[in-house]
Amino acid sequence: LKLAYDYDLKGGDVEVAVGCVVLSGNVPRQEDRIEAARIAWSAPTITQVGNEIMVKGRQGFVRNTKDGLLEKSVRTRLTVDKHVKGRNFNVETHDGIVYLLGVARDPAELDRAARIAAMTRGTVEVVSYVRVHDSAQPTVREAAAPTLRELPDFMTTEPLPDIDQSDLPAPMRQ
């Protein structure tokens, strides 16, 4: 990934799993949020970017500690559950929101993992970027070389000028 000069990305965090990047955290300006997504899309094997970065001040020590405990708790509960392979899931937390990434063996495992995360004390919301394993998809060893692709139009434009943030739509969830 390229270095981003003139951007403050220190409050952001990156998780990557199976070609999916999830960006979370806080940045001070909308331009920083856009630049983080632009950098994520620049990696050659990325097929999806979830930009969950919020435009606001950095988290404090107490919130960071709570998020760390929540993340460890969700990871532990996924690992000890006999119906979920915890190692197939990445867990990231920010402001009480739990982000799940990875590959579930089937829809039932995905549902169970999401319920475990939702039932963990301190969870405000669960956002899943988990894919269900499809036996028709090639394995990593069989996968073809990455192809060159175009960036989405909104990624190729200059960052937005300072505008009233209340006019911007909320990020869409998938």
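About the thresholds
- Throughout, residues of each chain are indexed from 1 in the direction in which the sequence is written.
- With the structure being a predicted model, the display of local features is reserved for residues of pLDDT at least 70 and the display and counting of side-chain atom pairs for 80 or more, all residues being used for whole-chain, interface and lining totals.
- Hydrogens and water molecules were not included; the side-chain quantities draw on all heavy atoms of the structure.
- Per the convention used, a helix needs a DSSP run of H or I reaching at least four residues, while a strand needs a run of E reaching at least two, with both numbered from the N terminus.
- Note on contacts: a residue pair is in contact if any heavy atoms of the two residues lie within 4.5 Å.
- Each cavity reported here is a set of points on a 1 Å grid over the protein atoms alone in which a 1.4 Å probe fits but cannot get out, each pocket an open set with protein on both sides within 12 Å along at least five of seven lines, and each lining residue one with an atom within 4 Å of a point.
- Grid points are joined across faces, edges and corners, and a volume is the space filled by probe spheres set on the points.
- Strand pairing is assigned whenever DSSP identifies at least 2 bridges connecting the two strands.
- All axes are obtained by fitting lines to C-alpha atoms, using only the stretch in contact for helices, and the reported angles, taken between N-to-C directions, cover 0 to 180 degrees.
- For each residue, the accessible area found with a 1.4 Å probe, counting protein chains only, is set against the maximum for its type, and the residue is called buried under 20%, exposed over 50%, and partly exposed in between.
- Each salt bridge in this description consists of a side-chain nitrogen of Lys or Arg and a carboxyl oxygen of Asp or Glu lying within 4 Å of one another.

Colleague: What am I meant to see in the overall build of the chain here?
Modeller: For the chain, the helix and strand inventory stands at four helices and seven strands. Counting helices and strands in the order they occur from the N terminus, the chain gives β-β-α-β-β-α-β-β-α-β-α. Pairs at least 24 residues apart make up 70% of the contacts formed inside the chain by residues separated by at least 6 positions.

Colleague: Whenever I open this one, empty space enclosed by the protein confuses me. Can you help?
Modeller: Remark: the empty space left among the atoms is shown by a probe the size of a water molecule rolled over them. Here the structure, examined in full by the defined rule, presents one cavity of 30 Å³ or more. Reported here for the largest cavity is a volume of approximately 30 Å³. Lining the largest cavity are Ala17, Val18, Cys20, Leu101, Gly102, Tyr129 and Arg131. Looking at the lining of the largest cavity, the elements that each hand over two or more residues are strand S6 (97-104) and strand S7 (125-132).

Colleague: Just to check I follow, could you spell out the sheet that holds S6 for this structure?
Modeller: Think of a sheet as strands paired side by side through backbone hydrogen bonds, with each pair either parallel or antiparallel. Taking strand neighbours across the sheet as the criterion, the three strands line up as S5-S6-S7 in an open arrangement whose pairing is mixed. The open sheet has two edge strands with one neighbour each: strand S5 (89-94) and S7. For this sheet, the mean angle separating the axes of adjacent strands, direction not counted, is 10 degrees. One ladder, built from six bridges, connects S5 with S6; its direction is antiparallel. Among the inter-strand pairings, His94 is bridged to a residue of S6, identified as Ile97. Contacts between helix H2 (residues 61-80) and the sheet are confined to S5 and S6, with S5 contributing the most and set at about 155 degrees to the helix. Each of S5, S6 and S7 is contacted by helix H3 (residues 107-119), which is oriented at about 160 degrees to S7, the strand it contacts most.

Colleague: Quick question: what am I supposed to make of unusual backbone geometry here?
Modeller: Residues other than glycine predominantly adopt negative phi, and peptide bonds predominantly adopt the trans conformation. Although it is not a glycine, Val18 adopts a positive phi angle of roughly 50 degrees. Topologically, Val18 is positioned in the loop between strand S1 (12-17) and strand S2 (20-27). Here the phi dihedral of Asp95 falls at roughly 55 degrees; this positive angle occurs in a residue that is not glycine. Relative accessible area serves as the criterion here: at 17%, Asp95 is assigned to the buried category.

Colleague: I tried to follow the environment of Ala40 on my own but got confused; where do I start?
Modeller: In this fold, Ala40 is placed in helix H1 (residues 30-41). Owing to a relative accessible area of 6%, Ala40 belongs among the buried residues under this scheme. In this structure, the C-alpha to C-alpha distance between Ala40 and Val16, residues 24 residues apart in sequence, is 9.7 Å. Residues in contact with Ala40, not counting those within four places in the same chain, are Val21, Leu23, Ile46 and Val49.

Colleague: Hey, could you run me through the pattern of salt bridges in this one?
Modeller: Any two side chains of opposite charge can pair if their charged atoms end up close together. Tallied over the entire structure, the rule returns eight salt bridges. A salt bridge links Asp95 to Lys56; the shortest N-O distance between them is 3.0 Å. You can see Asp95 sitting in the loop between S5 and S6 and its partner Lys56 sitting in the loop between strand S4 (54-55) and H2, a full 39 residues away along the chain. Classification of Lys56 as partly exposed rests on a relative accessible area of 40%. Measuring nitrogen to oxygen at the nearest pair gives 2.9 Å for the salt bridge that ties Asp81 to Arg112. With a gap of 31 residues between them, Asp81 in the loop between H2 and S5 and Arg112 in helix H3 connect regions that are remote in the sequence.

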